[in-house]
Structures are given as structure tokens and as C-alpha cells.
Amino acid sequence: MKLKRTHTCGELNLSHTGQKVVLNGWVDNWRDHGGIIFIDLRDRYGKTQVVFYPENADIYATAKKLRSEYVIAVKGEVQARPPEAVNPNLSTGEIEVRVEALELLNVSQVPPFEIKDYVDASEDLRLRYRYLDLRRPKLQRNILLRHRLAQFTRQFFDQEGFVEIETPFLTKSTPEGARDFLVPSRLHRGKFYALPQSPQTYKQILMVSGFDKYFQIVKCFRDEDLRKDRQPEFTQIDIEMSFVDEDDVMGVVERYIQQLFKQLFDEDIPIPFPRIPYHEAMERFGSDKPDLRFGLELNEVTPLFSNTAFNVFASVVKAKGYIGALVVPQASSYSRKQIEQLGKYIESLGGKGLAHVKFMNGQLEGGISKFLSADEHQALKTQLSLKDDALILMVADTHREFAQTLLGSLRLRLAEELDLIDKSVKKFHWVVDFPLLEYDEEEQRYVARHHPFTSPKLEDINKLESQPEEVRARAYDLIFNGNEIAGGSIRIHTREMQEKMFRLLKIEPDEAERKFGFLMEAFQYGAPPHGGIAFGFDRLVMLIADTPSIRDVIAFPKTASAVGLMENTPSEVDPQQLKELGISIENK
RNA sequence: GGGGUCGUAGUUCAGUUGGUUAGAACGCCGGCCUGUCACGCCGGAGGUCGCGAGUUCGAGUCUCGUCGGCCCCGCCA
């Protein structure tokens, strides 16, 4: 390549007029006027219009053949555009480059879709040709934002005295939590490494080592089903600190978020963030990650129906279940069909159904109103402070939290349909006081809600054996506009407590020893009290980039079925490779 | 594992009650054009209607199966 760039395609302006410059880039668009030819040259910094005149026959002949996505180098003089030809939509729109030399660096086939932000292509096609999709300004902006966030993160935690330490990817499979990705060992036939679900145990051991404040921007791997905000490999900002309690960890995180928005976007985020106990979040919003940008809170109405004749509610009351209501104001125009759709939605989530009544002209009508007594009408009216034109949506289920979750999902859907969310608002808050354990019906035992290294609250320790489900954890989740973006806890740091926890989880002592013996052993050599948190980095970037999918902020993501469409992963391997590993494949 | 939804030209889509030769826009190819910038004008090529069965005189359209994309439930300490 003879012509090496002196400038990028985004930086030239009137002040460069008269200068000889060289630009390298891709043909974004071409306009051949017969005599004069315009090319928009594109690189990641922007676009610059270059002009070919017929004077130089050789160059002009080559220019005639230029097509979309050809890679070229041009040399020429920066000239001011005629006033009527200035393009105000382009940062370089006041100038153009009059080409004196042209080097065709590479041609391109006609791309399978146009590399333009205003041209759509299906996502599978864009994933198949990810390198072309990544040429688009929109995706480039996301990737560059991700880069800036990563750089800010390193700078912030460095300034706060944190040490970035790498932990292994070839780790040990653990019984609790997500399914592991396994890596067979060639040197130890029949044995496997596991890719880390998170560097949890390593970072705790680094605390035992005295590193005090650790962070890492690190890949994690979980072999579970995907969602629009979940990929099998994803990135965490992993943080751990010694000699701290909840307030210290939450404090660092609040400063991090505040400075992030200040430095990157000059936005002021007030701290500290509100803290909402888990129980309250469920009661008021039906979610452990409530979106606080709008109201529409849940109302429990179970007691109103203690003697109801309405069978559906009566059976739920009898089973000590939960009946809750959402009151949608000025919604009497909701059509029968729309309400039916909401009912189908509840059923698709596993609910038994959605009951509704309308409040018009001072009384309840429609829906289930005819099954309710006059007293019940009055009680609903009073307790829900009903005003005319309200739509009341009710869900009942024998399982209290499940019913609340259904209403929580309905609440989000209604907010979307009724446009209740002010998208310019940024709401950060903590959810705290999570239950330490939850009962797993399938496994017939308690499992850790967060993870088995989370410390119980001191004041609840005496309930560990008597009322395990009552014990609260020293855990905290950070919620941003209804999305969980970070979660962490104060950890257990003594062998005794850790053993007790494993016993509660019905993990046999010899299994605990095999899987976590190294951690418990480390605790015996002066483990400091410690705690930490981890951010879902991709999710954070996704929310800040305001894009609907985590795939939009990952250079090479997988599809919903965990397939890499560009490189075709996963794929079969050479039988010789399997032989070396001592692995044979069962018939499918 | 379960549910929903989509699949028609290179791309994004339309396609009526099952009925003649499946359309549009953009892109692509050829021609014309010296101030355009999502240039313009003229002409042209381009289709295994995802795949496989079935119903029917006749299927892009209906039925069943299957594959793939996306979304949700389960799952994700």
C-alpha cells in the first residue's frame, strides 16, 4: 500500500483547506454524475466526500468502477465545498477532497445487506456476516461505548486502591448454581476442568491472601438457556473487599455509578441509592427487581374475600393464598379483547387467570362483579380508593409470591401499553434483606438463593435450623430501571459457619470437602471478614446504550440457541481429538 | 423441556375466500447525466414462496411434521 492515511475520514474541516491529505477507507456510497464522481469514504471516525474529475483519465476510469465496500486510498487537496453544496448532516460536510491519486486496496463482493443504519436486515443474516454488521455506525458506537466504560472502570477502581488480578478459566466444577461448561483434560484422562460461572472462590481466597481490594473485568460462563439479556459467556466487573460491611461495598458502587455518569455523560446521579427490602419489593411491585419509574403498585385484597361466595377466590383464601389487584385509572375504555389478551398473558406465565371489574358511575360493573356481594363491592371501592373509569385487574393464587410475580409482570406490561414510563429518568436502587435460602421442591431441600458463601444476617442466625426460610442474607442487588445490574453479599469467612451452611444445604461433608475443601482450609488461616459484588458488564452497557438486546453490545454473540452463526459454533471435532481425550460420543 | 411468533427476489416487505403469468421499494447489471450527498432519468436481470409430507381439479395461502431466527416460562448459586 503506497498511500498511507494522514487523516481519518472524520476529522477534516475548513481549517484544512489547501492541505494535501491521504485518506483510507471503505466506499460508503457512490454518485456518478457522468462527468463528476462523488464517493463517500467511510472509516470508524466518520465519512468524507471525495471528488473525481475527468481530467486525469486513468484515475477517472478506475473511479468509474468503484462500488460499495471497496477499500481505497486517495490523495488530494482539501477544498471548501461551494456554499450551496455544503452538507450540514456531516461533520466533514463543509469540505471535500479533490482526488489526485487513487489506490484500489481491495474490491468487495456485493454485500448481502447494505451497510447503512437506515437499512434493516434480519438478525440472523447480520449475525452470519457479523463483520459487515460491525461496520455499521450504530454497532460501532455500542462497541466504542463498551470500551469507554471498561476504561473508566479500570481507572476508577485503580484510583480507589483496587488491584486487578486475573483468575483461572480452567477451574473446578461446583455442585451448586448454574450448569458448568466442561473442558476435558488430555493429561488427566477422564477428568475435567470447568469454565468459571464467576471467580467467586478465587476472589475470596485473594482476600485471605491480604489483597484487600480486588477487581477484575472478567469473562464468566454458564451453560443455561439464553435470553435477550443473557449469553452463555458474558463479562462481569468482579469486586471483593476485606474488613467491610454492606455499607462499604454499596458505597463504592454508588460512587462508581455516580462518577461513571458524570465523567462519561456529564449527568448527575444522586447518591446514596434507596434501599428496599426484598419483602417490600414483592408486596408493592411483585418483583425482586422492581422498576420504580412508575407507580401502579400492587394492592392485597385477600382479607376482603374471607367469606366470599366467589369460588375461585374462596378456594385461594381457604388455602391461605393471595389475592392482589392492580388499579388502572382512566382505563374503562380497555376493550373486552384487550382484557382478554391480558388474561392470556397471565395464563402464558402459568397463572390460572385474570379477574377484572370496571368502576363506572360510582359502582363496580362487568367482569366478575356479579359474583361479588354488596359488602365486597363496598370494601373494594373503599380499600382501593376507586375513582370513575378505573379498571381493576385481580390475580389469585395459592402461592403468595407467585401471584405477586404475576401481578408484577402484568404491571410491567401495562406500563408499556399505557406508556407510563418516562424514558429519560434513571432510577437506581438497592434491594436488600433477601431470604438466604429457598426451598427447592424438585430436590427436596433448601438451596442458597444467592450462593452458598453468603453470610446470614447476624440477628437471624438463631433461626438457621428452626425456621430456615425466615433467615435473611447479607446480600444486596443493584437495580437500574427495573434491571438487575449487580449483585453481591458479605461472605462467610469462618470454616465453622461455612460447614454449617453446607449442612443446611444438605451437601454431605465429604462432598463439601471435595468441592470446597480448599476454600474452607483457607478460612482456617486467618481469613478476614470480606464481601463484594459483581456487575453484569454487558447488561450495564446495554442499558446505557439503550439497546434492546445484549447481543448489540457484544462483538460476536451467540443466537438464542447458543449458536455462533458466523463461525458455526459449536461444531463436531476430529475423532483423533476425542480419542486423545478418551471421549466417545453416544448416539444422539 | 414447554408456549408464542416469524420464514416469499440479494435485502425489507405486500400477496384478498385456495384459482390464470407471485408484486413493490431498495440493492444489483447496462445506458445517459459536471455539484450530488439515501443524486436523478431510461432500460434489464433476478423466485426450490425455509424443507418434507398431506388435503384438493388446483396450495405462497389449509393440515401435519421438521429446520432456523426472535420473545417468554422453566432454568440462570
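Since the structure is predicted, the reported quantities are computational estimates derived from the model, not experimental observations. (Residues numbered from 1 in each chain as written. Chains lettered and ligands numbered in written order. Predicted model: local features only at pLDDT ≥ 70, side-chain atom pairs only at ≥ 80, totals over all residues. Heavy atoms only, no water.)

The next subject is the overall build of chain A. Summing up its helical and strand segments, chain A has 15 helices and 22 strands in all. When its C-alpha atoms are laid out on the principal axes, chain A stretches across 95 × 75 × 55 Å. Counting across all 588 residues of chain A, residues that qualify as buried make up 48%. A sequence separation of at least 24 residues applies to 68% of the contacts in chain A between residues at least 6 apart. When the accessible surface of chain A is totalled, it reaches about 30,000 Å², and 49% of it is carbon and sulfur. Each charge class in chain A can be summarised by its mean position, and for the 77 positive and 89 negative side chains these summaries are 4 Å apart. (Helix = DSSP H or I, 4+ residues; strand = E, 2+ residues; numbered from the N terminus. Buried < 20%, exposed > 50% of the residue type's maximum accessible area, 1.4 Å probe, protein only. Contact = heavy atoms within 4.5 Å. Areas by Shrake-Rupley, 256 points an atom, 1.4 Å probe, with all protein chains shown as cover. Lys, Arg positive; Asp, Glu negative; His and termini not counted. Charge placed at Lys NZ, Arg CZ, Asp CG, Glu CD.)

Under the domain assignment used here, chain A contains domain 1 (14-106), domain 2 (140-276 + 429-553) and domain 3 (294-421). Spacing between the C-alpha centres of domain 1 and domain 3 amounts to 64 Å. (Domains from an automatic or database assignment.)

Residue Pro 272 follows Ile 271 across a cis peptide bond; omega there is -5°. Mapped onto the elements, Pro 272 comes out in the loop between helix H6 (246-265) and strand S11 (275-277). Here the residue pair Thr 569 and Pro 570 is connected by a cis peptide bond, since its omega of -5° sits within 30 degrees of zero. Secondary-structure assignment places Pro 570 in the loop between helix H14 (537-545) and helix H15 (575-581). Its identity is not glycine, yet Lys 506 carries a phi of approximately 60°, on the positive side. Relative to the helices and strands, Lys 506 is located in the loop between helix H12 (495-504) and helix H13 (509-523). For Lys 506, a relative accessible area of 58% corresponds to the exposed category.

Looking now at the pairing of strand S2 (residues 37-43). Taken across its 7 residues, S2 has 7 buried, putting it largely inside the fold. Here S2 shows two buried faces, one formed by Ile 37, Ile 39, Leu 41 and Asp 43 and the other by Phe 38, Asp 40 and Arg 42. Two strands pair when backbone bridges link them, and strand S1 (residues 20-32) and S2 are joined in this way by 6 bridges, in the antiparallel orientation. The partner of Val 27 across the bridge, within S2, is Leu 41. Hairpin connection between S2 and strand S3 (residues 46-52): a loop of 2 residues separates the two successive antiparallel strands. (Pairing = 2+ DSSP bridges.)

Let us look at the environment of Leu 260. Structurally, the position occupied by Leu 260 is in helix H6. Judged by relative accessible area, which is 0%, Leu 260 ranks as buried. When the C-alpha positions of Leu 260 and Phe 156 are compared, they lie 8.5 Å apart, and in sequence the two are 104 residues distant. Residue contacts for Leu 260: discarding those within four places in its chain leaves Leu 149, Phe 152, Phe 265, Leu 540 and Ile 544.

Another aspect to go through is the layout of surface pockets. Taken as a whole, the second largest pocket spans an internal volume of roughly 820 Å³. Lining the second largest pocket are 22 residues; nearest its centre among them are Phe 181, Leu 182, Asp 223, Pro 570 and Ser 571. Sorting elements by how many residues they give to the lining of the second largest pocket places strand S7 (residues 182-184) first, with 3 residues. Residues belonging to the lining of the second largest pocket are distributed by class as follows: 15 nonpolar, 2 polar and 5 charged. (1 Å grid on protein atoms, 1.4 Å probe; cavity = no way out; pocket = protein on both sides within 12 Å on 5 of 7 lines; lining within 4 Å. Points joined across faces, edges and corners; volume = space filled by probe spheres on them. Nonpolar A, V, L, I, M, F, W, Y, C, P; charged D, E, K, R; others polar.)

Attention now goes to H14. H14 sits mainly inside the fold: 7 of its 9 residues count as buried. If you check which residues of H14 are buried, you get Phe 537, Asp 538, Arg 539, Leu 540, Val 541, Met 542 and Ile 544. Looking one or two places after H14, you find Asp 546, whose phi comes out positive at around 55°.

Let us look at empty space enclosed by the protein. One pass over the full model with this rule turns up 1 cavity of 30 Å³ or more. Every residue along the wall of the largest cavity is listed here: Leu 127, Arg 130, Phe 556, Pro 557, Leu 565, Met 566 and Glu 567. Here the lining of the largest cavity is built from residues that sort into 5 nonpolar, no polar and 2 charged.

Turning next to the nonpolar core. Residues Leu 149, Tyr 256, Ile 257, Leu 478 and Phe 535 are the most contacted members of the largest nonpolar core, which totals 43 residues. Among the elements that make up this core, the one with the highest residue count is H6 (9 residues). Excluding its chain neighbours within four sequence positions, the residues that come into contact with Phe 535 are Thr 235, Gln 236, Ile 237, Ile 239, Val 253, Tyr 256, Ile 257, Leu 478, Ile 485, Ala 486 and Leu 540. In this structure, Ala 475, Ile 492, Phe 523 and Ala 527 belong to the second largest nonpolar core, which totals 27 residues. (Core = buried A, V, L, I, M, F, W, Y, C linked by side-chain atoms within 4.5 Å.)

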